[in-house]
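Structural overview
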Amino acid sequence: MRSFLDFGASLLARLPAETAHDLTLALLGRAGPLLPRRLGDPPSLRVQALGLSFPNPVGLAAGFDKNAAVPAAMARLGFGFVECGTVTPRAQGGNPKPRLFRLRQDRAVINRMGFNNGGMEKAAANLARRGNSSNGIGGITGINIGANKDSVDRIADYRTAFVRLAPLADYVTVNISSPNTPGLRGLQNKDELGRLIGTVLEARGPARTPVLVKIAPDLDETALDEIAGVALMTGIDGLIVSNTTIARPPLQSAHYREAGGLSGAPLFGPSTAILRGMRRRVGNRLVLIGAGGIASGADAYAKIRAGASLVQLYTALVYEGPGLVTRIKSELAECLTRDGYESVAEAVGIDA
Ligand SMILES: Cc1cc2nc3c(=O)[nH]c(=O)nc-3n(C[C@H](O)[C@H](O)[C@H](O)COP(=O)(O)O)c2cc1C
């Protein structure tokens, strides 16, 4: 079944990037329930974090399943958790196409999707249909929220989306780091961030759904100090490090000049450095999720050693197909055994 899926992925690789993505989602929507139940993961990969028991630390990053249409199918492919979104309160079309570019020689992608999504009611309807994580059918599902592009009060948008979607999710990510909604990243500034987090946490109520904030890799030391300070002071549960970058390291592919966020292999080094710096600042007081350029078990292990309790990936899936998830997990388990660790938790942050 897996090699059949990888064969399908190699056919999809010939189509324009966004067409291939739409087709993949449609296929997963139909064939997802037919996928075999995943095999058990090795005990060394189990992670306790955010009050949840993750079967393994390898998650699907936001942006693949914007409308929460296929989280259970992605869990069946072996992901330890799936983050859906970004979802905004109202549906919006995003930027004009083309807006998604493969940089094949660089094992990278540039996207300027611009939060295209069906809005929170669509995501809520999809999430309400899924099995829940405690019976193992749905898998652990996070929901990533954002503000509408034309919103006059962006913080109110986060509150609205949070109130609607948090009861349907295992955790919520406040995304303030997309480079494709003008001005959004300004919410990473100390005062704005304090107000935003305060508003979301106040809306959380007694259910106490875990709240994470997702940050950009393009932040200087002062900004990182400030974010760490606000995160610790307000008492959020964790940070996702990181979103795509607006930087352009040397690239070989034709599309390198396209505007948008760069992800994949060239993001691995910079995002891991920021992750390590964040771990030095917050220690084990916050859960860190490492994302950016993971394409192997060794990459996932490097993020864990830099401070991540959990990791996420998206771009490598475009090039490697769904068999990648199983491969990364077995390589990661081998890395842990080789270095004498019995669990992921033992290795978290040892390079920081
Ligand atoms: C096509 C595409 C769309 C994305 N959309 C979102 C999004 O809606 N919200 C978000 O927080 N991150 C989004 N991301 C960023 C990813 O979640 C991830 O943080 C980033 O791509 C780095 O991981 P990777 O190198 O494994 O792809 C998107 C990435 C890609 C490639």
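Scroll up to find the structure.
Residues numbered from 1 in each chain as written. Predicted model: local features only at pLDDT ≥ 70, side-chain atom pairs only at ≥ 80, totals over all residues. Heavy atoms only, no water.

Moving on, we come to the overall build of the protein chain. Counting its regular elements, the protein chain contains 12 helices and 13 strands. In terms of C-alpha radius of gyration, the protein chain reaches 18 Å, essentially the compact-globule figure of 20 Å for 352 residues. Projected onto the principal axes, the alpha-carbon positions of the protein chain cover approximately 50 × 50 × 45 Å. Taking all 352 residues of the protein chain together, 59% fall into the buried category. (Helix = DSSP H or I, 4+ residues; strand = E, 2+ residues; numbered from the N terminus. Rg over C-alpha atoms; globule rule 2.2 N^0.38 Å. Buried < 20%, exposed > 50% of the residue type's maximum accessible area, 1.4 Å probe, protein only.)

With respect to spatial proximity, 23 residues lie near the ligand, and among them Ala62, Thr86, Lys214, Gly293 and Thr315 are the closest. Here an oxygen atom of the ligand sits 3.0 Å away from a polar atom, N or O, in the main chain of Ser242. For the ligand, whose unbound accessible area comes to 600 Å², protein coverage reaches 97%. For the shell around the ligand, the per-class residue count stands at 7 nonpolar, 14 polar and 2 charged. (Near = heavy atom within 4 Å. Polar contact = N/O pair within 3.5 Å; in protein donor to acceptor, adjacent residues only side chain to side chain. Areas by Shrake-Rupley, 256 points an atom, 1.4 Å probe, with all protein chains shown as cover. Nonpolar A, V, L, I, M, F, W, Y, C, P; charged D, E, K, R; others polar.)

This part takes up the sheet that holds strand β11 (residues 261-264). If you trace the 3 strands from one edge of the open sheet to the other, you get β5-β6-β11, paired in antiparallel fashion. Strand pairing shows two members of the sheet lacking a second neighbour, β5 (100-103) and β11, which therefore form its edges. In this sheet, adjacent strand axes meet at a mean angle of 20 degrees when their direction is disregarded. Bridge analysis of strand β6 (residues 108-111) against β11 gives 4 bridges, and the strand direction is antiparallel. (Pairing = 2+ DSSP bridges. Axes fitted to C-alpha atoms, helices over the stretch in contact; angles between N-to-C directions.)

Before going further, it helps to spend a moment on the pattern of salt bridges. A pair can form between side chains of opposite charge whenever their charged atoms are brought close. The final tally for this structure, using the stated rule, is 15 salt bridges. Glu258 serves as the salt-bridge partner of Arg112, at 3.0 Å between the closest nitrogen and oxygen. Highlighted residues: Arg112 in the loop between β6 and α4 (120-129) and Glu258 in the loop between β10 (238-241) and β11, separated in sequence by 146 residues. The exposure class assigned to Glu258 is partly exposed, which follows from its relative accessible area of 23%. In this structure, the salt-bridge partner of Arg305 is Asp339, at a minimum N-O distance of 3.4 Å. Taken together, the residues Arg305 in helix α9 (residues 297-306) and Asp339 in the loop between α11 (323-338) and α12 (344-347) connect sequence positions 34 residues apart. (Salt bridge = Lys/Arg side-chain N within 4 Å of Asp/Glu carboxyl O.)

Where helix α6 (residues 190-204) meets helix α7 (residues 221-234), the axes come as close as 10 Å, and the angle between the chain directions of the two elements is 25 degrees. Viewed along their axes, α6 and α7 adopt a mutual orientation that is roughly parallel. The interaxial crossing formed by α6 with α7 has right-handed handedness. Contacts from Lys190, Leu193, Gly194, Ile197 and Leu201 of α6 reach α7 at Glu226, Ile227, Val230 and Thr234. Residues belonging to the contact of α6 with α7 are distributed by class as follows: 5 nonpolar, 2 polar and 2 charged. (Parallel < 35°, antiparallel > 145°, perpendicular 65-115°, else oblique. Left-handed = near helix turned anticlockwise from the far one by under 90°. Contact = heavy atoms within 4.5 Å.)

Turning our attention to the sheet that holds strand β12 (residues 287-291). With respect to topology, 8 strands assemble into a closed barrel ordered β3-β4-β7-β8-β9-β10-β12-β13, the strand pairing being parallel. Averaged over all neighbouring strand pairs, the angle between strand axes comes to 25 degrees, with direction disregarded. Here strand β3 (residues 58-60) runs beside strand β4 (residues 81-87); their pairing, made up of 2 bridges, is parallel. Bridge pairing in β4 links Gly59 to Phe81.

What follows covers the packing of aromatic side chains. Evaluated as defined, the whole model comprises 3 aromatic pairs. Ring plane angle 80 degrees and centroid distance 5.2 Å describe the contact between Phe54 and Phe81, whose orientation is recorded as edge-to-face. You can see Phe54 sitting in strand β2 (residues 52-54) and its partner Phe81 sitting in strand β4, a full 27 residues away along the chain. Judged by its relative accessible area of 1%, Phe54 is buried. (Phe/Tyr/Trp six-rings, centres within 6.5 Å; stacked < 30°, edge-to-face > 60°.)

Contact geometry of α9 with α11 gives a least axis separation of 7 Å together with a crossing angle of 55 degrees. Taken as axis vectors, α9 and α11 run oblique relative to one another. As α9 runs across α11, the sense of the crossing is right-handed. Contacts from Gly297, Ala298, Ala300, Tyr301 and Ile304 of α9 reach α11 at Ile328, Glu331, Leu332, Cys335, Leu336 and Arg338. Considering only residue class, the contact of α9 with α11 consists of 8 nonpolar, 1 polar and 2 charged.

All quantities given are derived from atomic positions and should not be read as evidence of function.
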